[in-house]
Amino acid sequence: MTHATDAPRPFGRLITAMVTPMRDDGALDLDGAARLAAHLVDDQHNDTLVINGTAGESPTTTDAEKESLLRTVVEAVGDRARVVAGVGTNDTHHTIELARAAEKAGVHGLLVVTPYYNKPPQSGLLRHFTAVADAVGLPVMLYDIPHRSGIPIATETLVRLAEHERIVAVKDAKGDLTASSWVLKRTDLAYYSGEDSLTLPLLSVGAVGVVGTSTHFTGVLTKLMIEAHANGDVATALDLHRRLLPLFVGIFRSPGTILVKAGLKEIGLPAGPVRSPLVDATEAELEQLRADCADAGLPLERGVAA
């Protein structure tokens, strides 16, 4: 069994689930996507970006838009960071189609969420994830998020899935440190926190990083926190966790996409509106975000985070 200190990190340590910039008319802003991706890699020190995740409004973008966005981001930053495509749906056939299109677009990996709403049994999850991993030659990160999908990926299912050579990682938003610990004890899956505020607790039981949302703004310091813990400097990691907690939590006072886009607009980075059924942040929500950022020592000012 691999020890936590030398655990594999197939996607690095810091990953941001990037929002999708839109123009005022609601169309994709591909130039803005390239600029935002470059900012997240070059200025916020991300090792990997997830494109077409829920934060990227994947439920309301078309397959063609998803492919265009992937090609744009791969061209913009693919030479210096990894690009992971969110391809998960609740239809195995459609997920495989998206996975193959993403592979052709040049991405470096796939994020596959638990099929949502139709609540398949664990045997169905095993078949679904295996079919996707069999259909492509890319490494796969599973996304375990029962509060959105309706069901967890059970420990025994994760252990069996870990036997697949291309299933290498988990984005863990289950919020169950005991369940995650059992999987980490029994497999070599690389665990990435799917909840910003639980990154440090998950690191303590063997996780290697985070797939974050607040990391649009906290990337540099979040990476320092992760690296400090990896280097045995738990005190510094804890100090950074406590400093960043207001934003780790505050970015989810409304759906994270809404507040990230509001914050990006504040600092002059591409964002644009959200697509319905999401709604743009109110002035009160923006004011609270400003307060949360200030509390974390990362004021929303042009030129500070941009």
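Residues numbered from 1 in each chain as written. Predicted model: local features only at pLDDT ≥ 70, side-chain atom pairs only at ≥ 80, totals over all residues. Heavy atoms only, no water.

(A) Looking closely at the pattern of salt bridges. The tally for this structure, following the rule as stated, stands at 14 salt bridges. One salt bridge in this structure joins Glu57 and Lys261, with 2.7 Å as the shortest N-O distance. Of this pair, Glu57 sits in the loop between β2 (48-51) and α2 (63-77) while Lys261 sits in helix α11 (residues 256-266); the two residues are 204 residues apart in sequence, bridging distant segments of the chain. The same class applies to Glu57 and to Lys261, which are both buried. (Salt bridge = Lys/Arg side-chain N within 4 Å of Asp/Glu carboxyl O. Helix = DSSP H or I, 4+ residues; strand = E, 2+ residues; numbered from the N terminus. Buried < 20%, exposed > 50% of the residue type's maximum accessible area, 1.4 Å probe, protein only.)

(B) View of the packing of helix α3 (residues 92-104) against helix α4 (residues 122-135). α4 packs onto α3 with a crossing angle of 30° between their chain directions and a minimal axis gap of 9 Å. Judged on the interaxial angle alone, α4 and α3 are roughly parallel. For the pair α3 and α4, the sense of crossing is right-handed. Between α3, through Thr92, Thr95, Ile96, Ala99 and Arg100, and α4, the contact on the second element is made entirely by His128, Ala131, Val132 and Ala135. Within the contact of α3 with α4, the residues separate by chemical class into five nonpolar, three polar and one charged. (Axes fitted to C-alpha atoms, helices over the stretch in contact; angles between N-to-C directions. Parallel < 35°, antiparallel > 145°, perpendicular 65-115°, else oblique. Left-handed = near helix turned anticlockwise from the far one by under 90°. Contact = heavy atoms within 4.5 Å. Nonpolar A, V, L, I, M, F, W, Y, C, P; charged D, E, K, R; others polar.)

(C) Here's a closer look at the sheet that holds strand β3 (residues 82-86). Reading around the barrel, the eight strands line up as β1-β2-β3-β4-β5-β6-β7-β8 and close back on themselves, with parallel pairing between neighbours. Shown here is a sheet whose adjacent strand axes are inclined to one another by a mean of 25°, direction ignored. Here strand β7 (residues 190-193) runs beside strand β8 (residues 209-212); their pairing, made up of two bridges, is parallel. Looking across to β8, one finds that Ser193 is bridged to Val210. (Pairing = 2+ DSSP bridges.)

(D) Geometry of the UniProt feature "binding site: pyruvate" (unreviewed entry) in the protein chain. The residues that UniProt annotates with the feature "binding site: pyruvate" (unreviewed entry) are Val211. Position of Val211 among the secondary structure elements: in strand β8. Beyond its immediate stretch of four places on either side in the chain, Val211 contacts Ile15, Ala17, Val50, Met141, Lys171, Tyr192, Ser193, Gly194 and Asp196. (UniProt positions renumbered as here; feature names shortened; annotations may be inferred.)

(E) Focus on the nonpolar core. The biggest cluster of nonpolar side chains holds 77 residues, and the ones touching the most others in it are Met18, Leu49, Val107, Leu110 and Leu264. Sequence-distant contacts of Met18, defined by excluding residues within four places in its chain, comprise Ala33, Leu36, Ala37, Leu40, Leu49, Val50, Ile51, Ala55, Gly56, Val73 and His216. If you look at the next biggest cluster of nonpolar residues, it comprises 17 residues, including Phe11, Val50, Tyr143 and Ala173. (Core = buried A, V, L, I, M, F, W, Y, C linked by side-chain atoms within 4.5 Å.)

(F) Layout of unusual backbone geometry. The residue after Ser276, namely Pro277, is reached through a cis peptide bond having omega 20°. Mapped onto the elements of the fold, Pro277 is located in the loop between α11 and α12 (283-295). Phi is positive for Asn52, which is not a glycine, with a value near 70°. Exposure remark for Asn52: the relative accessible area of 4% places this residue in the buried category. Within the chain, Lys119 stands out as a residue other than glycine whose phi angle is a positive 50°. Structurally, Lys119 is set in the loop between β4 (109-113) and α4.

(G) Looking closely at the UniProt feature "active site" (unreviewed entry) in the protein chain. As recorded in UniProt, the sites labelled "active site" (unreviewed entry) are Tyr143 and Lys171. In terms of the greatest pairwise C-alpha distance, the residues named above, spread along 29 residues, form a tight cluster of at most 4.7 Å across. When you line up the elements, Tyr143 lands in strand β5 (residues 140-144). Apart from residues lying up to four places away in sequence, Tyr143 is in contact with Leu111, Val112, Val113, Thr114, Ile153, Lys171 and Ala173. Residue placement: Lys171 occurs in strand β6 (residues 167-172).

(H) Local environment of the packing of helix α10 (residues 234-250) against α12. Two elements in contact, α10 and α12, have axes whose closest approach is 7 Å; the angle formed by their N-to-C orientations is 155°. The angle between α10 and α12 falls in the class roughly antiparallel. Crossing geometry of α10 relative to α12 is assigned as left-handed. Touching Arg243, Pro246, Leu247 and Gly250 of α10 are Leu289, Asp292, Cys293 and Asp295, all from α12. Here the residues of the contact of α10 with α12 sort into four nonpolar, one polar and three charged.

(I) Quick look at the side chain of Lys171. For the buried Lys171, which has no salt bridge, the nearest side chain bearing the opposite charge is Asp196, at an N-O separation of 7.5 Å. Within the structure, Lys171 has its side chain in polar contact with the side chain of Tyr143 (distance 3.2 Å). Excluding residues within four positions of it along the chain, Lys171 makes contact with Leu111, Met141, Leu142, Tyr143, Asp144, Tyr192, Gly194 and Val211. (Lys, Arg positive; Asp, Glu negative; His and termini not counted. Polar contact = N/O pair within 3.5 Å; in protein donor to acceptor, adjacent residues only side chain to side chain.)

(J) Quick look at the pairing of strand β1 (residues 14-17). Neither face of β1 is left uncovered, since the one carrying Leu14 and Thr16 and the one carrying Ile15 and Ala17 both have all their residues buried. Two strands pair when backbone bridges link them, and β1 and β8 are joined in this way by three bridges, in the parallel orientation. The residue of β8 that forms the bridge with Leu14 is Val210. In this structure, β1 lies alongside β2, joined through three bridges in parallel fashion. From the neighbouring strand, Ala17 faces β2, where its bridge partner is Val50.

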